[in-house]
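A look at the structure
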Amino acid sequence: MLCAVYRSPKRVDTYLYIAHPADFSVLPEPLAKSFGEPKHVMTIALTDERKLARLSVAELKEHLQDPGYYLQIPPPPESLLKKELAK
């Protein structure tokens, strides 16, 4: 299975994974608007040997089946106050 990866021009470190060839009609309208015009980053083959940073290939394949895409957003910023209070 091939997967196309797109970055958002509106949101830093936000990526959309979608089955190749890309069918953007599967995206909910609010997501499509907030994501902006997708900029193609790469197309990857989803094989058992491939390692991904934030989820497994099996999890990504599940997302590509339903709902049809995977949205990768950056983790929330670390709270320096919580870190300091935890000391």
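Preceding this paragraph is the structure being described.
In short, a report on the structure. Computed from a predicted structure; not experimentally measured. (Residues numbered from 1 in each chain as written. Predicted model: local features only at pLDDT ≥ 70, side-chain atom pairs only at ≥ 80, totals over all residues. Heavy atoms only, no water.)

**Quick word on the packing of aromatic side chains**
Selection criterion: The criterion for an aromatic pair is that two Phe, Tyr or Trp rings (for Trp, the six-membered ring) have centres within 6.5 Å, with stacked assigned to planes under 30 degrees apart, edge-to-face to planes over 60 apart and tilted to the rest. Strands are runs of DSSP state E lasting at least two residues, helices are runs of H or I lasting at least four, and both sets are numbered from the N terminus onward. Exposure categories follow from relative accessible area, calculated using a 1.4 Å probe and restricted to protein chains: below 20% of the type maximum is buried, above 50% is exposed, and the middle band is partly exposed.
Within the structure shown, the criterion is met by 2 aromatic pairs. Aromatic pair Tyr6 and Phe24: ring centres 5.1 Å apart, planes at 75°, arrangement edge-to-face. Residue Tyr6 is located in strand S1 (residues 2-7), and its partner Phe24 is located in the loop between strand S2 (15-19) and helix H1 (29-35); the two are separated by 18 residues in the primary sequence. A relative accessible area of 32% places Phe24 in the partly exposed class.

**A short note on the sheet that holds strand S4 (residues 69-72)**
Let me state the cut-off plainly: Whether two strands pair depends on DSSP finding at least two bridges between them. Lines fitted to C-alpha atoms define the axes here, with helix axes fitted over just the stretch in contact, and angles between the N-to-C directions of these axes take values from 0 to 180 degrees. The contact definition used throughout considers only heavy atoms, calling two residues in contact when any of these lie within 4.5 Å.
The strand order S3-S1-S2-S4 describes an open sheet built from 4 strands, whose pairing is antiparallel. A strand with exactly one partner marks an edge of an open sheet, and here the two such strands are strand S3 (39-45) and S4. Averaged over all neighbouring strand pairs, the angle between strand axes comes to 20°, with direction disregarded. As paired strands, S1 and S3 are joined by 6 bridges and run antiparallel to one another. Bridge pairing in S3 places Val5 opposite Met42. The sheet strands contacting helix H2 (residues 57-65) are S1, S2 and S4, and the helix crosses S4 at an angle near 120°.

**Digging into the environment of Leu80**
Locating Leu80 in the fold gives a position in helix H3 (residues 80-85). The class of Leu80 is exposed, set by a relative accessible area of 62%. Remark: the alpha-carbon pair of Leu80 and Ser25, spanning 55 residues in sequence, is separated by 40 Å.

**Focus on the nonpolar core**
Note the threshold: Joining through side-chain atoms within 4.5 Å is the link that ties buried Ala, Val, Leu, Ile, Met, Phe, Trp, Tyr and Cys residues into a set, and such a set is a nonpolar core.
Counting 10 residues, the largest nonpolar core is built from Cys3, Val5, Tyr17, Ile44, Leu46, Leu55, Val57, Leu60, Leu64 and Tyr70. Residue contributions to this core peak at 3 residues, all from H2. Excluding anything up to four places from it in sequence, Val57 contacts Leu46, Thr47, Arg50 and Leu52. Core analysis: the next-biggest nonpolar cluster, separate from the first, contains 8 residues, Tyr6, Leu16, Leu27 and Leu31 among them.

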